[in-house]
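Notes for the structure review
Residue strings, one per chain:
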Amino acid sequence: MSELLKDPMVLRSIIMDHYEYPRNHELQDDPQYVQKHMASESCIDDIVVQAKLAEGKIDDICFDGVACTISTASTSIMSELLKGKTKEEAQQIIDQYFAMIDGREYDENVLQEAVAFHTVGKQANRIKCATIGWNAIQAILDESEE
Amino acid sequence: MIDVQRLRSDFPMLHGKKMQGCDLIYFDNAATTFKPQAVRAAVDYYYTDITCNAHRGDYDLSYTVDQAYEGTRERVARFLHAQTNEIVFTSGTSESLNLVAQGYGRKFLHEGDIVLSSESEHASCVLPWMKVCEERKAALSFIPLDPSGHIDMDSFRAQMSDRVKVIALAMITNVLGYEAPIQEICAMAHSYGAVVVVDGAQSVPHMPIDVRKLDCDFLAFSAHKMCGPTGTGVLYGKYALLDAMDPLHLGGGSNARYDMCGNIRLKNPPFKFESGTPNIEGVLGLRAAIDYLDAVGMANIHAYELELHHYIVKELLKMNHIIVYNPDAQSAIITFNVKDVFAQDAATFFNANGIAVRSGQHCAKLLIDRLNTSATIRASLYFYNTKAEADRFLAVCAQANMQSCLDVYF
């Protein structure tokens, strides 16, 4: 992994950038998209994540809602990382992300900018913010298998 | 005035606790409060020395518990300037408010009646009425707020009519901390034959309350927001109204007689509302809490909190990056934001500095129409908070910005 991604100042600026300019931050009015509404029971975050799945691939991901810096930035980064991936590739990235959040070993190269959240557990009550969008896409993938 | 340092020594939670490596500053007293040693001792005493059921036995121990339990009812009555038989013990404000909605509203509301609340109420004050109004085909209307967030009394007067049967309002709202003119509202309501249900969760712990003077019909509050145990609360109701309404639950302790033909004769208030074994430890703890607060003096508590509140607000108003939404509140609640920082992110920054404050989103209408934000931070004080804590809080406010709020993760 690039040394840059070990510098807290760089990681902080990644989070700020994705919060101020969130990617894929517009919901689609298109029946080809499936969506998941995530309203945290314990905090303010309330977001909708949409994904367009076709032939085992995630063609598009987008999201919107009322959310804090951590949930907005983590969902924005997730949408960039998983867009265009096959479901299997996406699942591997998601698994690595949750491994990182849980403090287990993980592959930094797979997670790229998402490593900005590797120390989010220092503020334990915000782990749910760093995972809300990731849980949404996991639920969408799970439901697509049913 | 009150000797804060001496009072702080009574609270184990104020003896050098740390959060994120910093001295804990607890500014979330509107959510719950710390307990003085005397409250813990009262709960301990019940379990160590006088454990047995209330209202049940023919033996000395039971008599002792009964005296303590019913003695608390007298104590609460004296605290509120009510009669003893007007005090119902509940699990807290929410249950008290639900009891009025279900026990009174459901029985006496009819199609076309109106229940009035305001745009700034806590869910516990409004949702029970939403449900009952739907069932009874009554209408739930809201008194609008003026631009500053206070109840608009002109609109209230214009909304009053013979169709309004119930007015449900917080005496001090939990978001903006403004005090509603309850006495004036009660007088107006009574002239139309309506009853007034007061949510006292944020007022009873902080100021002297005289239900006779207010002339409110019901008043609900929780023990845990006034130094007492969780899971205990009170509903005050005028006796004639309590007598007319139904209980939420039926069971042992609330009935005087029943037979197998389905005839039930309930006890008189307040006992008809208290079926099952009550929260005895909680009630005895509440008594200790009231004794403690009265010894400090409710008027002293109110005055001290206002002094601390006004000092903090005065300093916050000097900071260009802080938005205060309720600068003129005459209560212990300060509602604010750090400019360009989402409330929850700022609350985490306070956490990282050992300061407990609450971020929250509120009724969309209230906040979006009146405050132009989807979420705010609330700092809420109690008499054991100090000026030194206020200064530390202000220093952290001064440092709060997007960068510092994110640095706490690294």
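So, here's what we can say about the structure. If you're wondering where the values come from, they're calculated on a predicted model, not measured in any experiment.

Across its full length, chain A holds five helices and three strands. Mapped in sequence order, the helices and strands of chain A form the string α-β-β-β-α-α-α-α. Relative to the compact-globule value of 15 Å for 146 residues, chain A shows a C-alpha radius of gyration of 14 Å, a close match. By its C-alpha atoms, chain A is 40 × 30 × 25 Å across when sized along the principal axes. Of all 146 residues assigned to chain A, the portion counted as buried reaches 48%. Across chain A, contacts joining residues at least 24 apart in sequence account for 60% of those joining residues at least 6 apart. Of the roughly 7000 Å² of accessible surface on chain A, a fraction of 46% belongs to carbon and sulfur atoms.

Residues and elements named next belong to chain B. Read from one edge to the other, the open sheet built from seven strands follows the order β4-β10-β9-β8-β7-β5-β6, with strand pairing classed as mixed. The open sheet is flanked by β4 (87-90) and β6 (139-143), the only strands paired with a single partner. When strand polarity is set aside, the average angle formed by the axes of neighbouring strands in this sheet is 20°. Relative to strand β10 (residues 233-237), strand β9 (residues 218-222) runs antiparallel, the two sharing five bridges. Residue pairing in the sheet places Ala220 in a bridge with Leu235 of β10.

Our focus in this paragraph is unusual backbone geometry. Geometrically, the link from B:Pro269 to B:Pro270 is a cis peptide bond, its omega value of 0° lying close to zero. In this fold, B:Pro270 is placed in the loop between β12 (264-266) and α10 (280-296). Backbone geometry at A:Asn24 places phi at a positive 55°, although glycine is not the residue there. Tracing the backbone through its elements, the reader meets A:Asn24 in the loop between α1 (8-20) and β1 (33-39). Under the relative-accessibility criterion, A:Asn24 is labelled partly exposed at 21%. The backbone phi angle of A:Gln112 is positive, close to 50°, even though this residue is not glycine.

Within the largest apolar cluster, 160 residues are counted, with the highest numbers of intra-cluster contacts made by A:Phe117, B:Leu80, B:Phe383 and B:Phe393. Here this core takes ten residues from α10(B), the largest share from any one element. With near-sequence residues (within four places) excluded, B:Leu80 lies in contact with B:Ile87, B:Val204, B:Ile209, B:Asp210, B:Val211, B:Leu219, B:Phe221 and B:Tyr236.

All names here are of chain B. Evaluated as defined, the whole model comprises 26 salt bridges over all chains. Residue Glu135 pairs with Arg106 through a salt bridge whose shortest N-O separation is 2.8 Å. Of this pair, Glu135 sits in helix α5 (residues 123-136) while Arg106 sits in helix α4 (residues 93-108), and the two are 29 residues apart along the sequence. By relative accessible area, which is 41% here, Arg106 ends up partly exposed.

Residues and elements named next belong to chain B. Inspection of the entire model under this criterion finds 20 aromatic pairs over all chains. Arranged with centres 5.4 Å apart and planes meeting at 80°, the rings of Tyr382 and Tyr384 form a pair that is edge-to-face. Comparing Tyr382 with Tyr384, the two get one shared label, buried. Linked through ring pairs, Phe11, Tyr26, Phe34, Tyr292, Tyr382, Phe383 and Tyr384 together constitute an aromatic cluster.

The subject of this paragraph is the interface of chain B and chain A. A common way to express how large an interface is: the accessible area buried when the components associate. Between chain B and chain A, the contact holds 19 residues from the first and 22 residues from the second. A buried area of about 1900 Å², summed over both sides, lies between chain B and chain A, and 58% of it is on carbon and sulfur atoms. If you sort the residues of chain B by the area they bury against chain A, B:Gln344, B:Tyr409 and B:Phe410 come out on top, with a joint share of 39%. Two residues, A:Arg126 and B:Asp345, come together in a salt bridge whose shortest N-O distance is 3.0 Å. Looking at the side of chain B that touches chain A, the elements with two or more residues in it are α12 (343-352), β16 (358-361) and α15 (402-407) of chain B. It is α12(B) that provides the largest number of residues to the side of chain B that touches chain A, a total of five residues.

Another point: the side chain of B:Ser380. Residues and elements named next belong to chain B. With respect to the helices, strands and loops of the structure, Ser380 is situated in strand β17 (residues 375-380). A relative accessible area of 1% means that Ser380 is categorised as buried. A polar atom in the side chain of Ser380 sits 2.7 Å from the backbone nitrogen of Ala30. If sequence neighbours within four positions are ignored, Ser380 has contacts with Phe27, Asp28, Asn29, Ala30, Ala332, Ile333 and Asn385.

Each value, and the rule that gives it
Residues numbered from 1 in each chain as written. Chains lettered and ligands numbered in written order. Predicted model: local features only at pLDDT ≥ 70, side-chain atom pairs only at ≥ 80, totals over all residues. Heavy atoms only, no water. Helix = DSSP H or I, 4+ residues; strand = E, 2+ residues; numbered from the N terminus. Rg over C-alpha atoms; globule rule 2.2 N^0.38 Å. Buried < 20%, exposed > 50% of the residue type's maximum accessible area, 1.4 Å probe, protein only. Contact = heavy atoms within 4.5 Å. Areas by Shrake-Rupley, 256 points an atom, 1.4 Å probe, with all protein chains shown as cover. Pairing = 2+ DSSP bridges. Axes fitted to C-alpha atoms, helices over the stretch in contact; angles between N-to-C directions. Core = buried A, V, L, I, M, F, W, Y, C linked by side-chain atoms within 4.5 Å. Salt bridge = Lys/Arg side-chain N within 4 Å of Asp/Glu carboxyl O. Phe/Tyr/Trp six-rings, centres within 6.5 Å; stacked < 30°, edge-to-face > 60°. Buried area = accessible area lost by both parts, 1.4 Å probe. Polar contact = N/O pair within 3.5 Å; in protein donor to acceptor, adjacent residues only side chain to side chain.

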